[in-house]
Amino acid sequence: MVLEVTPPQHREHLESLVSLTNFLEQRYKRERILRDLAEVITLRRAVLKLTPQGHPEHRSSLINLANHLSERCQRESSMEDLDEVIFCQRAALELTSPGHPEYLVSLSHLVNFLDKRLTRRGDMKDLTAIIAYRRAVLALTPPWRPECRMSLVHLANCLDRRYQLEGAMVDLTEIINLQHAALDLTRPWHPERLSCLINLANYLDERLKREDAIRDTMEIITHRRAALELAPPWHPQRLVSLVKLATFLDERFRKEDAMKDLTEIITYRRAMLEVTPPAHPDHLVFVLGLARSLDERFRKGCGMEDLAELITLRRTVLGLTHSRHPERLAFLLKLAAYLEERFGKEGSMVDMTELIILRRAVLELTPSRHPERLAFLLKLAAYLEEQFRKQSSMEDLTELIILRRTVLELTPSTHPERLTFLLKLAAHLEERFRQEGSKEDLTELITLRRAALELTPSRHPEHLAFLLRLAACLEQRLRKVGSMDDLTKLITVRHAVLELTPSSHPERLGFLLRLVAYLEERLRKVDSVEDLIELIAVRSAALEPVSVGDPECLVNPVKLATCLDEWFRKEGATEDLAEAIIYRRAALELIPTGHPERLAPLSNLANNLEERYQKLGAMEDLTETITHRRAALGLTPSEHPEFRTLLTGLARNLDERFRREGAMDDLAETITLQRAILEFTPLAERLAALAKLAACLDERFKRQGDMEDLNEAITLRRTILEFAPSAERLAALINLANNLEERFRMGSAIGDLTETITHRRTALDLTPPEYPERRMLLTSLGRNLDERFRRKGAMEDLTETITLQRSILEFTSSTERLAVLFDLANNLDERFRKEGTVDDLMEIVAYRRATLELDPSGYPERLVPLVNLANYLDREDFLADLDKRVSLRRVILECTPVASPDRSVSLVNLATCLREKYQRVGVSAELDEAITHARDAVAFCPLEHRESTRECLASCIELKIKSRDSPVAAAISDTKQIILNIVDETVTTLPLRLLDTETGALCDRDAQMLRFERSAPCKELLSSASVWDNQRLEMEARKAISKFFRYATLSHRWGRGEPLFCDMKGTRAYDLHSTDGVVKLQKFCLLAFRQDFLWAWSDTCCIDKGSSAELQEAIGSMFSWYRRSGLTIVYLSDVSDTASFTKSVWFKRGWTLQELLASETVLFYMRDWSPYANNASSNHKTDDAVLKELQNATGIGEKHLRNFRPGMDDARLRLKWVSTRLTTKPEDIAYSLFGVLDLHLPVLYGESAEKALGRLLAEIVSQSGDVSVLDWVGQRSTFHSCFPATLRPYQNMPCMQSVPRNSTGPSNVDTKRVSKLHKAIVKLPRPRFINRRLALPSFVYSVTTFKLLRTWGSPSRYEYEIHASGLTPLPVTLSVSLQEGSDSSYALVRPWHPKWFAPGAKDNEEAIRMLLERFGQPFRTLLLRALPHNEYERIASDCKIATCAKDVTSIVNSNLQVLEIV
């Protein structure tokens, strides 16, 4: 209103304008209304018009207007406002003197506005003005002012902008000077110092690029280093500084080649990688830069560390580049080059493996027409070849062959290296053929060898070598296929080889011999006379160039002799045989004694000499044959295929010489050889070998009388008889009967005599009447029957003997008739004495008379008939009076020589007659003479007649003095009995059967005791017993017996072909036919034998599983058997290295648990029967490394592994060990725990696994009272509701979280009631299991209510919330639903075990406190359902039912019962 009424010239008009402007300005500041700002600007313009240039307020008006225009410019970005602001600021600046205090501020404002307009318009005039104004500001700012540094920086920025547009070096120089000045004004700790250093370095860098000033380089590096020291790791400029600094150092290094610069570059490039993640776009560039720098340093001779880092970086580069990256091939080649460098220095197979992988990748990236593909193929082939040489992997060799084939495909036939490539491929194929023997490889190899020959002319220096290699390949195919075509080609090639070798060639002899070999082979197949003639000619030619020291000097004569031998067989000329013998002797002289090559010449020479002996019969040839055969045998190992042939030949020759000369040494050696022959003779030919050995033994027995020979001959002849065909049965019967009779003569065993008679009767049945040997058979059978009659007195034998002797008379000539008559009379006499028949008596008289007629008076044998007649008269006194008998006995005595063994009999007989005469007539002289003769008889009496002789003398003396002698008792020594008692005591603790590791025989306890009785320790004990008392004897005996019966046990996983008990009948472990199981048993026995164990035990063949009683005893005793063993050998058939040890199936089997725990000394062996990890420990259970692996594999603690004690302590823990294991028979999982838990139950194979487990758990509860086995979750058993169906629920040990102990105990407790509870608990019985009922002492908490929370799943699951008296509510998951109603009642019970009760309380108060503390802890319960007759059954849950008492009162009021659970 005032402005409207006041004209512009009015003096109040300006004041009104200013006032209005001020008011509007204030309102704008409060409300920020834009139209107020516009009106303020309009008013300020009006004020400016009213204040001309000389007006004192003109400057302030300009500044005010500029300020408001600046405000609107900021809000609306109007260029008109900005132009007007700059105009006003310039006008105000012109009105302000340089000394004015506002001058510097005005300059700064003007510069700022010009800078804004420059930013928006880019007008160079504004930039020039800004630079001028900045210079003015800098001139007005003293150096000590803080603003001076900013002025320098601002001016430098402006100059930089102009430099960027115009590129004037003057501006750049001024910028650098300004940055120097700003840096000088910036303290080291100033936050802007880093940016100053970076900016100055950047500008110096720019000038360096344009002027290449060395001083700038030094300064740039200095400033970059300083900036890097100030920049923290996260600073955005750190990476830039690192890059720049590395770049400058790199440039300087290129010029000066200073190693310190290179080292610093590497450091900075490593730092670049640290601050850039792999996803950073420049990360790959930085990796390549660092790799380049490291490469330069490595090339200058630095250590392998740079090479290792280079390889790591190149791997990183590959990881950052995808497969289609254009540079990937180059990156692969770089990495391969570095790996090749390191491999050349260190030879690491890891580098080689990676090199091969890289070269494969290179090949994948190069197409087939790539110019470098051939070189890449050759490189890869070279690496694979190197790897194959070191590792011999067939995969590498196969790949090598494929690569070499590809190389051949890429090289034309004219390629200069094609021959080399052919030879390389041939070499690899040859190697694979040696490994695998593939016919295809051999065929391809032959094709390649032929191609190589085609590429080499006949004059080529290698042509001969190629021919020889082709010949070798053809020879190998010939050996595999046997083609005559290959043989013909071989001979052709060998002819070509000979054509290329002059007579002076050092190998010509070998080539000749090769040709000879092939000719020999063709001769064997075709049997051509022409080939044989040519062979002899070539062999003769081959003798000429051979020197004495040449090995062929020996071979050629031998081979030539063989050819001559063959020609002898065809033509039969003795001269050829003699010449062959000469050559063979000459060859033999060239071979030193004992040389292995001496065997064949010896054998061949012996054969030729034997042939000549058979033709000419010269003993010299036979003796020389024996000498050579012995020498050949001494050079031949038993496994040699010709060993049996040599044995047979030598035995034949020695037997022939024995027949001619009778030397017992030859016979003894023949027997030894025949025994050896038996060991190597197959069943089909064994009969003849047995017969030969038996004949030799029989012959030696006849000459030397050794019973061992006779016994062995009988054994052999029984075997022969068992298997003899019908045509040979008669001879076998006769021979066996003869040997048995001889043994009977030596040992008087009636069994031998009976068997002899049986065999002779059988033989007699097989012989027809006209058989020439029939009389001999009759005589022998009669003799044997007579002997048995003498022994046993069976009249049937006597009668049969008489019948046989009558038959013999029919076949007997007059010269032999006397003996037959004599024997027949004797036998009839014997029968007469027994039966008293008149016919026998008459026949006796007739035969006796015939005997005396044939026996002249001077004949030496006349005594026998006299004796017989006298004996007859003694029996039949009615035939002669007593005086005639006495006279006849005196005549017999006179005819009996003094040295005759029969004289004592004659004396006894005479004394007997005289005694009888004395008894009849009473003449004392007759009795005295009888006593005299009886005493003489005792003096001359042999052992077999001593008893009867003494009886005669005693009878005579008795008649005279009426007295007799008394027997004397012999003392019996008890030394051996003491030893045998200890043996018996020891053997009863051993397994029922053990394997003899020395012989492989399966021995029962009787055999084990017999083995000891025949052993050296037993003999030593018996020999030393005389100097020991009984106490020392017992001590030494126990020590020796314990050592003798040490045994090893086998722990293993059963596999295929395991030998069983039935397989061991009649054989030995070492003689079984090979299967996987048999080989395992044999290796186990041999390993035990090498470990000095005479005995070994395996669960495969040492248990008669057909006997239920024995199986029961074995299962019950197995833990103790393993515990008593000296060593348990664990064979892990599926472990080939240390990495697979803990994965072995052995750790998953049920029976192996007790074998591991019971055995005190254990050694693990891998698939190839080498000790695990080549561990030389004598007991892997004491080896810390192996023990740690065992803990990891089994989950069993070190204490139990080292020193396990069987029993039911921690039964739950022992069930956990076996819960993850398996057995072939499900019920075995329970039986395998009998030894671990030290309990004994019947083994009932065929029962269910649940029943077996139920019986086991019932026994645990009954014996130990351990109710922790009832704490499980899962499916219940059909055996009992409180037991699980399997052991799986025991995999996790029960674990309840306990609450902190209260040392003071609960307050407000009825002490009397607690004491009463305490006494009741003490009186609770132990849990027991009887008749499938579990009597379980428990704390019973009746279920009051339960609430179904949810149902889910298939099969259905039910989740309940259960409330029980005295317990906190708890959730339970079940597989069955709970029934509501009066018919169903449930209870939660807490089983009680006496072990849980702590008896260590000092007084009653502490006992109460400890009791309440235990019952205050959380615990697990069982959910039971009540049944009729006060019985319960458990309801299995799907979760652990854990709860705790509500309060102390509920603990005190606990309900104790003994529940019957079914």
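Residues numbered from 1 in each chain as written. Predicted model: local features only at pLDDT ≥ 70, side-chain atom pairs only at ≥ 80, totals over all residues. Heavy atoms only, no water.

## Looking at the overall build of the chain
Here comes step 1: Within the chain, the secondary structure is distributed over 60 helices and 16 strands.
Here comes step 2: Expressed as a percentage of its 1462 residues, the buried residues of the chain come to 47%.
Here comes step 3: Relative to all contacts within the chain whose residues are 6 or more apart in sequence, the contacts with residues 24 or more apart total 60%.
Here comes step 4: For the chain, the accessible area works out to roughly 73,700 Å², and carbon and sulfur atoms hold 52% of it. (Helix = DSSP H or I, 4+ residues; strand = E, 2+ residues; numbered from the N terminus. Buried < 20%, exposed > 50% of the residue type's maximum accessible area, 1.4 Å probe, protein only. Contact = heavy atoms within 4.5 Å. Areas by Shrake-Rupley, 256 points an atom, 1.4 Å probe, with all protein chains shown as cover.)

## Description of the sheet that holds strand E5 (residues 1127-1131)
Here comes step 1: Here we have 6 strands laid out as an open sheet, ordered E2-E1-E4-E3-E5-E6, and mixed in their pairing. Of all the strands in the sheet, just strand E2 (1002-1004) and strand E6 (1162-1165) have a single pairing partner and so form its edges. On average, each strand axis in the sheet is inclined to that of its neighbour by 35°, with strand direction left out of account.
Here comes step 2: As judged from the 5 bridges shared by strand E3 (residues 1047-1052) and E5, these two strands associate in the parallel manner. Counterpart to Leu-1050 in the pairing with E5 is Ile-1129.
Here comes step 3: Along the sheet face, helix H46 (residues 1005-1013) touches strand E1 (993-996), E2 and strand E4 (1095-1097) and points at about 95° away from the line of E2. (Pairing = 2+ DSSP bridges. Axes fitted to C-alpha atoms, helices over the stretch in contact; angles between N-to-C directions.)

## Focus on the state of the cysteines
Here comes step 1: Enumeration according to the criterion identifies 0 disulfides in this entry.
Here comes step 2: Note on Cys-1003: no disulfide assigned, nearest cysteine sulfur contributed by Cys-1102 at a separation of 9.7 Å. (Disulfide = S-S within 2.5 Å.)

## Regarding helix H54 (residues 1211-1218)
Here comes step 1: A large share of H54 lies buried, amounting to 6 of its 8 residues.
Here comes step 2: What H54 keeps buried is the set Ala-1211, Arg-1212, Arg-1214, Leu-1215, Trp-1217 and Val-1218.
Here comes step 3: Structurally, H54 contributes buried residues whose contacts are with helix H51 (1151-1158), helix H53 (1198-1202), helix H55 (1228-1231), helix H56 (1234-1237) and helix H57 (1249-1264).

## Observations concerning unusual backbone geometry
In most cases, non-glycine residues show a negative phi, while peptide bonds are predominantly trans.
Here comes step 1: The phi torsion at Asp-1210 lies on the positive side, around 55°, for a residue other than glycine.
Here comes step 2: Tracing the backbone through its elements, the reader meets Asp-1210 in the loop between H53 and H54.
Here comes step 3: Even without being glycine, Asp-1238 reaches a positive phi, approximately 60°.
Here comes step 4: The residue Asp-1238 is located in the loop between H56 and H57 in this model.

## What to know about the pairing of E6
Here comes step 1: Neither face of E6 is left uncovered, since the one carrying Val-1162 and Phe-1164 and the one carrying Leu-1163 and Tyr-1165 both have all their residues buried.
Here comes step 2: Looking at chain direction, E5 and E6 are connected through 4 bridges and run parallel. When the bridges of E6 are listed, Thr-1128 appears paired with Val-1162.
Here comes step 3: Assessed by its sense of winding, the connection that carries the chain from E5 through H51 to E6 is right-handed. (Right-handed = clockwise from strand over helix to strand, strands pointing away.)

## What to know about the environment of Val-1261
Here comes step 1: Examined against the element boundaries, Val-1261 turns out to sit in helix H57.
Here comes step 2: Considered as a pair, Val-1261 and Phe-1329 are 68 residues apart in the sequence and their alpha carbons are 7.0 Å apart.
Here comes step 3: The residues contacting Val-1261, other than those within four sequence positions of it, are Asp-1266, Val-1269, Phe-1283, Pro-1327 and Leu-1334.

## Looking at the packing of aromatic side chains
Here comes step 1: On inspection of all chains with the given rule, the structure shows 26 aromatic pairs.
Here comes step 2: Seen in terms of ring centroids, Phe-1044 and Phe-1045 are 4.9 Å apart; in terms of plane orientation they differ by 85°. Their pairing is edge-to-face.
Here comes step 3: Note on Phe-1045: relative accessible area 3%, which makes it buried.
Here comes step 4: Judged by centre distance (5.2 Å) and plane angle (85°), the rings of Trp-1146 and Phe-1147 are edge-to-face. Phe-1147 carries the same exposure label as Trp-1146, and that label is buried.
Here comes step 5: Through successive ring pairs, a cluster of aromatic residues spans Phe-1141, Trp-1146, Phe-1147, Phe-1164 and Tyr-1172.
Here comes step 6: Directly above the aromatic system of Tyr-1245 lies the positively charged group of Lys-1225, at a separation of 4.3 Å from the ring centroid.
Here comes step 7: Here Arg-1434 stacks its cationic end above the ring of Trp-1272, 4.1 Å away from the centre of that ring. (Phe/Tyr/Trp six-rings, centres within 6.5 Å; stacked < 30°, edge-to-face > 60°. Lys NZ or Arg CZ within 6 Å of the ring centre and 35° of its normal.)

## Some words on the packing of helix H33 (residues 707-723) against helix H34 (residues 726-747)
Here comes step 1: At a minimum axis distance of 9 Å, the contact between H33 and H34 shows a crossing angle of 150°. If you check the angle between H33 and H34, you find them roughly antiparallel. The handedness of the crossing between H33 and H34 comes out as left-handed. Across the interface between the two elements, Met-707, Leu-710, Asn-711, Ala-713, Ile-714, Arg-717, Arg-718, Ile-720 and Leu-721 of H33 pack against Arg-729, Ala-732, Leu-733, Asn-735, Leu-736, Asn-739, Leu-740, Glu-742, Arg-743 and Met-746 of H34.
Here comes step 2: Within the contact of H33 with H34, the residues separate by chemical class into 11 nonpolar, 3 polar and 5 charged. (Parallel < 35°, antiparallel > 145°, perpendicular 65-115°, else oblique. Left-handed = near helix turned anticlockwise from the far one by under 90°. Nonpolar A, V, L, I, M, F, W, Y, C, P; charged D, E, K, R; others polar.)

## Observations regarding the side chain of Ser-1232
Here comes step 1: Within the secondary structure, Ser-1232 is located in the loop between H55 and H56.
Here comes step 2: For Ser-1232, a relative accessible area of 2% puts it in the buried group.
Here comes step 3: Here the side chain of Ser-1232 touches Ile-1229 through a polar contact of 3.0 Å, landing on its backbone oxygen.
Here comes step 4: In this structure, Ser-1232 is in contact with Gly-1150, Trp-1151, Gln-1154 and Val-1218, ignoring residues within four places of it in sequence. (Polar contact = N/O pair within 3.5 Å; in protein donor to acceptor, adjacent residues only side chain to side chain.)

## A few points about the pattern of salt bridges
Here comes step 1: In the structure shown here, the tally under the stated rule is 42 salt bridges.
Here comes step 2: In this structure, the salt-bridge partner of Arg-1357 is Asp-1438, at a minimum N-O distance of 2.4 Å. Of this pair, Arg-1357 sits in strand E9 (residues 1357-1364) while Asp-1438 sits in the loop between strand E14 (1431-1434) and strand E15 (1442-1443), placing them 81 residues apart in sequence.
Here comes step 3: Among the residues examined, Arg-1357 registers a relative accessible area of 25% and is labelled partly exposed.
Here comes step 4: Residue classification places Asp-1438 among the partly exposed residues on the basis of a relative accessible area of 31%.
Here comes step 5: Look at the salt bridges and you will find they share partners, linking Glu-741, Arg-745, Arg-760, Arg-783, Glu-787 and Arg-791 into a network. (Salt bridge = Lys/Arg side-chain N within 4 Å of Asp/Glu carboxyl O.)

## What to know about helix H43 (residues 924-940)
Here comes step 1: The first and last C-alpha atoms of H43 sit 24 Å apart over 17 residues, in line with the 24 Å expected at 1.5 Å per residue.
Here comes step 2: Inspection of H43 places Glu-926, Leu-927, Ala-930, Ile-931, His-933, Ala-934 and Ala-937 among the buried residues, and these make up the whole buried set. (Expected span 1.5 Å × (residues − 1).)

## Examining the pairing of strand E8 (residues 1333-1352)
Here comes step 1: Both strand E7 (residues 1328-1330) and E8 contribute to a ladder of 3 bridges, which runs antiparallel. Of the residues in E8, the one forming a bridge with Arg-1328 is Ala-1335.
Here comes step 2: Hairpin connection of E7 to E8: 2 residues between the antiparallel strands, including Asn-1331 at a positive phi of 50°.
Here comes step 3: Both E8 and strand E16 (residues 1455-1461) contribute to a ladder of 7 bridges, which runs antiparallel. Among the inter-strand pairings, Phe-1339 is bridged to a residue of E16, identified as Leu-1456.
Here comes step 4: Both E8 and strand E11 (residues 1386-1391) contribute to a ladder of 5 bridges, which runs antiparallel.

## Focus: the confidence of the model for the chain
Regions with low pLDDT should not have their predicted coordinates read in detail.
Here comes step 1: For the chain, the average pLDDT comes to 79, and 89% of its residues sit at 70 or higher.
Here comes step 2: Of the regions scoring below 50 in pLDDT, residues 962-973 engages in 2 contacts with residues more than four places distant in sequence or in other chains.
Here comes step 3: Predicted confidence for residues 1296-1304 stays below pLDDT 50, and this span has 15 contacts to residues more than four positions away or in other chains. (pLDDT = per-residue confidence, 0-100.)

## Concerning the side chain of Thr-276
Here comes step 1: The residue Thr-276 is located in the loop between helix H13 (259-275) and helix H14 (283-299) in this model.
Here comes step 2: Residue Thr-276 is classed as buried on the basis of its relative accessible area, which comes to 3%.
Here comes step 3: Dropping the residues within four chain positions of it, Thr-276 is found in contact with Leu-239, His-283 and Phe-286.

## Topic: the environment of Ile-1041
Here comes step 1: Along the chain, Ile-1041 falls in helix H48 (residues 1030-1044).
Here comes step 2: Residue class for Ile-1041 comes out buried when judged on its relative accessible area of 0%.
Here comes step 3: For Ile-1041 and Val-983, which are 58 residues apart along the polypeptide, the C-alpha to C-alpha distance reads 6.6 Å.
Here comes step 4: Not counting residues up to four positions away in its chain, the partners in contact with Ile-1041 are Ile-979, Ile-982, Val-983, Thr-986 and Phe-1012.

## Looking at the environment of Glu-386
Here comes step 1: Note on placement: Glu-386 falls in helix H18 (residues 373-391).
Here comes step 2: In sequence terms Glu-386 and Met-352 are 34 residues apart; their C-alpha atoms lie 8.2 Å from each other.
Here comes step 3: Residues contacting Glu-386, with those up to four places away along its chain left out, are Phe-343 and Met-352.

## Some words on the packing of helix H50 (residues 1108-1124) against H51
Here comes step 1: The N-to-C vectors of H50 and H51 enclose an angle of 35°; their axes lie 7 Å apart at closest approach. Where H50 crosses over H51, the two elements pack in a sense that is right-handed. Residue-level inspection shows Ile-1115, Met-1118, Phe-1119, Tyr-1122 and Arg-1123 of H50 in contact with H51, the latter providing Trp-1151, Gln-1154, Glu-1155, Leu-1157 and Ala-1158.

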